[in-house]
Amino acid sequence: PRSDCVAAEQLCLSDSTCNATYRTLEHCALAKTRFLPLDHESRVRCLNAELGLANSSLLHCKCHRRMKRQEHCLRIFWTVHSSMTDGYFHLETSPYENPANEEHWQTDYNKLAALLSGSQLSGDATNPCLKATHVCNLSKKCVRLRTDYASTCTKGVGSEDVCDRRKCHKGLRNFFEKVPEDFTKRILFCPCKDELCGERRRKTIVPDCSFQYSTKPNCLWLLDSCLEDHICKSRLADFQQNCQPADMSPDGCSQHNHAACLQAYMGMIGTPMTPNYVSNSSVEVSLWCTCESSGNQKEKCDQILGMFETNKCL
């Protein structure tokens, strides 16, 4: 199995040659995040340092969505792979372990079904999103973390104060990372037949705080703020890898794994590039941004928006 990057870093730092190479890469990654131009000699040195790790476990290490030191792990990954971050379509390798290899988060669904059938909840068939919320209420962890982000994301909304978007995003990430997917997927992807249900689904992530700004920013600005953040950049790489569309594939996905794409989509929620449903009457999703006034970068901007709006896989 691939080692996680935190363990791989420890191994590397205990070896003098690997340690020196890794320190060089740290300088290279720092220059990139601060958008400092590197001269030809520095670029060659950075590339050689990356190649110098060919036999190190650092080069093939991965991170887990639910690990404790996730941000630290992701920083290590992007330090080692800093040459991959030149542009949007260069983020083809996800730092996350394939979901099929991750520990499966089990929920005793039989027990839940028994609880549901014996309660008044079985009458919620007309609103699957309301039913999904009731199912969440049966789990202490689900209801606690859902209440946490809901209260954070609604503070200041509708008044003259602006909500704390950063805290709201963190609460959402906590919910989608720490609660088993049996609950989170039901709440986010509940199937609706009417607008009342659709509105509940669209408001799952409290869009007034987590999704909408007073005016729509340019999508390239959204992308830049994402690439400056290790978690957002990693989730975007994961989304690109797992939601890459393919015309000839039955499910529209080049990886032939629609479930992995939905998981990657969930991973984007709570980042600067948080997507959401665009209306109460459809399952179309988008980013809260526009490609107007993109100048000669309009094509790149349209591609970013298209990854969500016109993606057959998603």
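Note that the structure is a prediction, hence the values are computed from the model and not measured. (Residues numbered from 1 in each chain as written. Predicted model: local features only at pLDDT ≥ 70, side-chain atom pairs only at ≥ 80, totals over all residues. Heavy atoms only, no water.)

## Some remarks on empty space enclosed by the protein
Going by this rule: In this analysis a 1.4 Å probe is tested at points of a 1 Å grid over the protein atoms alone, and where it fits but cannot get out there is a cavity; an open set with protein on both sides within 12 Å along at least five of seven lines is a pocket; lining residues have an atom within 4 Å of a point. Grid points are joined across faces, edges and corners, and a volume is the space filled by probe spheres set on the points. Secondary structure elements follow DSSP: runs of H or I of four or more residues count as helices, runs of E of two or more count as strands, with numbering from the N terminus. For this classification, Asp, Glu, Lys and Arg are treated as charged, while Ala, Val, Leu, Ile, Met, Phe, Trp, Tyr, Cys and Pro are nonpolar and the rest, including Gly, are polar.
Per the counting criterion, the structure on display carries two cavities of 30 Å³ or more. Empty space within the largest cavity amounts to approximately 160 Å³. Taken together, 14 residues make up the lining of the largest cavity; nearest its centre are Arg 65, Phe 176, Glu 177, Gln 263 and Gly 267. Of all elements in the fold, only α8 (165–178), α13 (230–242) and α14 (258–268) reach the threshold of two or more residues within the lining of the largest cavity. Classifying every residue of the lining of the largest cavity by side-chain character gives four nonpolar, two polar and eight charged. In this structure, the second largest cavity encloses a volume near 40 Å³. Contributing to the lining of the second largest cavity are Arg 165, His 169, Ser 210, Phe 211, Tyr 213, Leu 222, Thr 271, Pro 272, Thr 274 and Trp 288. Of the residues that constitute the lining of the second largest cavity, the class distribution is five nonpolar, four polar and one charged.

## Structural notes on a positive patch on the surface
The criterion, for reference: A patch is a set of surface residues, each over 30% in relative accessible area and not in a salt bridge, joined within 9 Å for like charges and within 5 Å for the nonpolar side chains Val, Leu, Ile, Met, Phe, Trp and Tyr. Only the protein chains shown count as cover for residues, and all accessible areas are computed by the Shrake-Rupley method using a 1.4 Å probe. A pair is scored as a salt bridge if a Lys or Arg side-chain nitrogen falls within 4 Å of a carboxyl oxygen belonging to Asp or Glu. When charges are tallied, Lys and Arg are placed among the positive residues and Asp and Glu among the negative ones, while His and the ends of the chain are skipped. Where a charge lies is defined by one atom per residue type: Lys uses NZ, Arg uses CZ, Asp uses CG and Glu uses CD.
A cluster of basic residues, Lys 141, Arg 144, Lys 155, Arg 166, Lys 167, Lys 170 and Lys 178, forms a positive patch on the protein surface. If you list the elements that add at least two residues to the positive patch, you get α7 (140–154) and α8. Ranked by residue count, the leading element in the positive patch is α8, at four residues. With respect to the secondary-structure elements, Lys 170 resides in helix α8.

## So, the side chain of Gln 70
Heads up, the condition is: Each residue is placed in one exposure class: buried if its accessible area under a 1.4 Å probe, protein chains only, is under 20% of its type's maximum, exposed if it is over 50%, and partly exposed if it falls in between. The definition of a polar contact used here is a pair of N or O atoms within 3.5 Å, where within protein one atom must be able to donate a hydrogen and the other to accept one, and adjacent residues in sequence count solely through side-chain atom pairs. We call two residues in contact when some of their heavy atoms are within 4.5 Å.
When you line up the elements, Gln 70 lands in helix α4 (residues 70–80). Residue classification places Gln 70 among the buried residues on the basis of a relative accessible area of 5%. A polar side-chain atom of Gln 70 sits 2.6 Å from a polar atom in the side chain of Tyr 96. The contact partners of Gln 70, leaving out residues within four places of it in the chain, are His 64, Arg 65, Tyr 96, Glu 177 and Arg 235.

## A closer look at the environment of Ser 151
Examined against the element boundaries, Ser 151 turns out to sit in helix α7. Along the primary structure Ser 151 and Gly 171 are separated by 20 residues, whereas in three dimensions their C-alpha atoms are 9.5 Å apart.

Geometry only, nothing functional implied.
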